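# Results of the structural survey
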Amino acid sequence: MKSIWWDNLTKQMKEKIDSLTPIEAVEYAQTKCLFDHRRPYNQEVIDFKVKRLINEFGELPKVYDSEYSLFTKDGYSNAFLWHLNFYLRITKAITPKSILEIGGGYGGLARIFKVLHPEIDYTIIDLPESLYFSKNFLELNKINDINYLNAGEVPVKKDFDLVINTGSFEEMPRDTVKNYIDMIQNNLNVKYLYSCNYGVVKGRTREATFWGNLPVDKNWEEIYRNENNPVIQIDVARKRIFWEILLKRKI
């Protein structure tokens, strides 16, 4: 079962793509597509996130939200801190030199990695409509060395230190998630896999999330698992259960 919401959003994006300038595309992604932009600017939520991140990770890195983000004040937005949590969680455990992100949204997480580590080799796999928005956002931010692949393509490059998926496995049918996991395990040489996805909406189980257990083989070691991290959960208006998982490949 596919997400009706996502199907409608994809149709809407297709109709708009040819008529937008790059800046209009970035604004459209934030106001109409709602790629990870959570709530509009909310100082109370931002203060909560900053405090929680500092308490856990110490001084935050010197990186701030993009000048093209609409919901930013004093360098931070709800969405930016959502992505910064992912960045801090990953880099606390590993220092990746090559990343494959499955479902890059509007490009927010990729931007943080590339601003702080310009040398990282970064690839995004996504639907063509989504790639249109992330490519515009990243290039407006002077990040021009991202590799973009359409959903379903297998990267020519086979070695990745890290594969990331945040907030899109939850929208995919089970078979699609399994296909991506099979690609990771059988077609690529991947050292780590990081996922943050949710599994319940108003008591209804999301099909693809496997209740926090990704459909991986036994050759993974769990490095980190957390359920309903407050930095993530505070943005959620409806009842959802989020799982953050970091796995290390054992072979």
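Just so we're clear, the structure is a prediction, and the values are computed from it rather than from any experiment.

## Here's the deal with the pairing of strand S2 (residues 121-126)
Successive residues of a regular strand alternate their side chains across the two faces of the sheet. The element S2 is extensively covered by neighbouring structure, given that five of its six residues are classed as buried. Where strand S1 (residues 98-102) lies against S2, five bridges are found, and the strand directions are parallel. Residue pairing for S2: Ile-102 is matched across the bridge by Ile-125. Here S2 pairs with strand S3 (residues 147-150) via four bridges, running parallel. Across the sheet, residue Ile-125 finds its bridge partner in S3, namely Leu-149.

## Regarding the sheet that holds S1
Read across the open sheet, the seven strands follow the order S3-S2-S1-S4-S5-S9-S8; overall the sheet is mixed. Each edge of the open sheet carries a strand with a single partner, namely S3 and strand S8 (220-227). With direction set aside, neighbouring strand axes in the sheet form an average angle of 15 degrees. Most of the contacts of helix H6 (residues 128-140) go to S3, to which it runs at about 165 degrees, and overall it touches S2 and S3.

## Structural notes on the nonpolar core
Membership of the largest hydrophobic core comes to 51 residues, with the highest contact counts inside it found for Leu-84, Phe-113, Tyr-122, Leu-162 and Ile-164. Top contributing element to this core by residue count: helix H4 (residues 78-93), with nine residues. For Leu-84, the residues in contact, after removing those within four places along its chain, are Leu-53, Leu-60, Pro-61, Val-63 and Ile-112. Leu-149, Val-177, Trp-220 and Leu-247 belong to the second-largest nonpolar core, a separate cluster that totals 22 residues.

## Concerning the packing of aromatic side chains
In this description, a pair of aromatic rings is defined by centroid distance and the angle of the planes. Applying the stated rule across the entire model yields 11 aromatic pairs. Centre to centre, the rings of Tyr-64 and Tyr-76 are 5.7 Å apart; their planes meet at 40 degrees, and the pair counts as tilted. Pair noted here: Tyr-64 is in the loop between helix H3 (43-57) and H4 and Tyr-76 is in the loop between H3 and H4, with a separation of 12 residues, a long-range link. Plain terms: the ring middles of Tyr-76 and Phe-80 are 5.9 Å apart, the flat faces sit at 25 degrees to each other, and that makes the pair stacked.

## Thoughts on helix H7 (residues 174-186)
If you check H7, its first and last C-alpha atoms are 18 Å apart, about what 13 residues at 1.5 Å a residue would give, namely 18 Å. The complete set of buried residues in H7 reads Val-177, Tyr-180, Ile-181, Met-183, Ile-184 and Gln-185. Next to the buried residues of H7 lie S1, S2, strand S4 (159-166), strand S5 (189-198), S8 and strand S9 (242-249).

## Considerations on the pattern of salt bridges
Oppositely charged side chains may form a pair once their charged atoms are brought near each other. What the rule picks out here adds up to eight salt bridges. Residue Glu-139 pairs with Lys-135 through a salt bridge whose shortest N-O separation is 2.7 Å. Of this pair, Glu-139 and Lys-135 both sit in helix H6, four residues apart, roughly one helical turn. A residue is classified by how much of its surface remains accessible, and Glu-139, at 34% relative accessible area, is partly exposed. Here Lys-191 makes a salt bridge to Asp-161, at a shortest N to O gap of 3.4 Å. Separated by 30 residues along the polypeptide, Lys-191 in strand S5 and Asp-161 in strand S4 bring together distant segments of the chain. Residue Lys-191 is classed as partly exposed on the basis of its relative accessible area of 47%. Each of the salt bridges in this network shares a partner with another, and the network as a whole consists of Glu-56, Arg-89 and Glu-244.

## Focus: the packing of H4 against helix H5 (residues 108-116)
At their nearest, the axes of H4 and H5 sit 9 Å apart, and the two run at 55 degrees to each other. On the basis of the axis angle, H4 is oblique to H5. H4 and H5 meet at a crossing whose hand is right-handed. In this structure, H4 contributes Phe-80, His-83, Leu-84, Phe-86, Tyr-87, Ile-90 and Thr-91 to the contact, and H5 contributes Gly-108, Leu-109, Arg-111, Ile-112, Phe-113 and Leu-116. Among the residues forming the contact of H4 with H5, the class breakdown is nine nonpolar, three polar and one charged.

## Remarks on the side chain of Ser-66
Following the sequence through the fold, Ser-66 ends up in the loop between H3 and H4. Taking relative accessible area as the criterion, Ser-66 reaches 2% and is therefore assigned buried. Engagement of the side chain of Ser-66 in a polar contact is seen with the backbone nitrogen of Tyr-68, the distance being 2.9 Å. Separated by 2.8 Å, the side chains of Ser-66 and Asn-141 make a polar contact. Among residues more than four places away in sequence, those in contact with Ser-66 are Thr-72, Arg-111, Phe-137 and Asn-141.

So, how was this worked out
- Residues numbered from 1 in each chain as written.
- Predicted model: local features only at pLDDT ≥ 70, side-chain atom pairs only at ≥ 80, totals over all residues.
- Heavy atoms only, no water.
- Buried < 20%, exposed > 50% of the residue type's maximum accessible area, 1.4 Å probe, protein only.
- Helix = DSSP H or I, 4+ residues; strand = E, 2+ residues; numbered from the N terminus.
- Pairing = 2+ DSSP bridges.
- Axes fitted to C-alpha atoms, helices over the stretch in contact; angles between N-to-C directions.
- Contact = heavy atoms within 4.5 Å.
- Core = buried A, V, L, I, M, F, W, Y, C linked by side-chain atoms within 4.5 Å.
- Phe/Tyr/Trp six-rings, centres within 6.5 Å; stacked < 30°, edge-to-face > 60°.
- Expected span 1.5 Å × (residues − 1).
- Salt bridge = Lys/Arg side-chain N within 4 Å of Asp/Glu carboxyl O.
- Parallel < 35°, antiparallel > 145°, perpendicular 65-115°, else oblique.
- Left-handed = near helix turned anticlockwise from the far one by under 90°.
- Nonpolar A, V, L, I, M, F, W, Y, C, P; charged D, E, K, R; others polar.
- Polar contact = N/O pair within 3.5 Å; in protein donor to acceptor, adjacent residues only side chain to side chain.

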